[in-house]
Amino acid sequence: MRLAAGALAGFTPEELREMAAVDVRTVDIDTLTDLRDIAIDTKAPVEKKLASFARQTKNPYVNRIGDYVVKVCYQKEGSTINEKMEEYIRRLAEVYV
């Protein structure tokens, strides 16, 4: 659950640990940044995308989309977000078929 160091200018390691530890069940949703308000240059390299995201949010780990709290973790390798979404949709389809 790590962001690249260059992307985190302005956050101390302790602040990042505290942000990552936020419990989505008890967080005050009104204190979170709505992801719909964040703009990212999709053509930029990953490091710059992460830095832009970190600058625009109060917590790079826990945000909101409308009335829903969203918690993310970061990894250097593994499945892409598109692959994860495809896997999620396949699981949903299996439940209803």
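Being a predicted model, the structure only gives us computed values, none of them experimental.

K.L.:
How should I be thinking about the pattern of salt bridges in this particular structure?
P.N.:
Opposite charge on two side chains allows them to pair when their charged atoms are near. Scanning the entire structure with this criterion turns up six salt bridges. Arg36 is paired through a salt bridge with Asp34; the nearest N and O atoms lie 2.6 Å apart. Using a relative accessible area of 60% as the deciding quantity, one classes Arg36 as exposed. Since its relative accessible area comes to 11%, Asp34 is described here as buried.

K.L.:
Would you take a moment to explain a nonpolar patch on the surface for this structure?
P.N.:
Judged by side-chain polarity, Ile81, Met85, Tyr88, Ile89 and Leu92 come together as a nonpolar surface patch covering roughly 510 Å² of accessible area. If you trace the backbone, Leu92 turns up in helix H3 (residues 81-96). A relative accessible area of 35% places Leu92 in the partly exposed class.

K.L.:
Mind showing me how you'd approach the pairing of strand S1 (residues 62-65) here?
P.N.:
Across a regular strand the side chains alternate sides, sitting on one face of the sheet and then on the other. Bridge count between S1 and strand S2 (residues 68-71): four bridges; the pairing is antiparallel. Paired with Val62 across the two strands is Lys71, which belongs to S2. The loop that links S1 with its antiparallel partner S2 comprises two residues; one of these, Gly66, has a positive phi angle of about 65°.

K.L.:
Explain the nonpolar core to me, please; I cannot follow it from the model alone.
P.N.:
A general tendency of soluble globular proteins is for nonpolar side chains to be buried together. Core analysis: the largest hydrophobic core is formed by 10 residues, namely Leu16, Met19, Ala20, Leu32, Ile38, Leu50, Phe53, Tyr61, Val62 and Tyr74. Elements with a contribution of two residues or more to this core: helix H1 (13-20) and helix H2 (46-56). Of all the elements, H1 adds the most residues to this core, at three residues. For Ile38, the contacting residues outside a window of four places in its chain are Thr33, Phe53, Gln56 and Thr57.

Here is what the cut-offs are and how they apply
- Residues numbered from 1 in each chain as written.
- Predicted model: local features only at pLDDT ≥ 70, side-chain atom pairs only at ≥ 80, totals over all residues.
- Heavy atoms only, no water.
- Salt bridge = Lys/Arg side-chain N within 4 Å of Asp/Glu carboxyl O.
- Buried < 20%, exposed > 50% of the residue type's maximum accessible area, 1.4 Å probe, protein only.
- Patch = residues over 30% accessible without salt bridge, like charges linked within 9 Å, V, L, I, M, F, W, Y side chains within 5 Å.
- Areas by Shrake-Rupley, 256 points an atom, 1.4 Å probe, with all protein chains shown as cover.
- Helix = DSSP H or I, 4+ residues; strand = E, 2+ residues; numbered from the N terminus.
- Pairing = 2+ DSSP bridges.
- Core = buried A, V, L, I, M, F, W, Y, C linked by side-chain atoms within 4.5 Å.
- Contact = heavy atoms within 4.5 Å.

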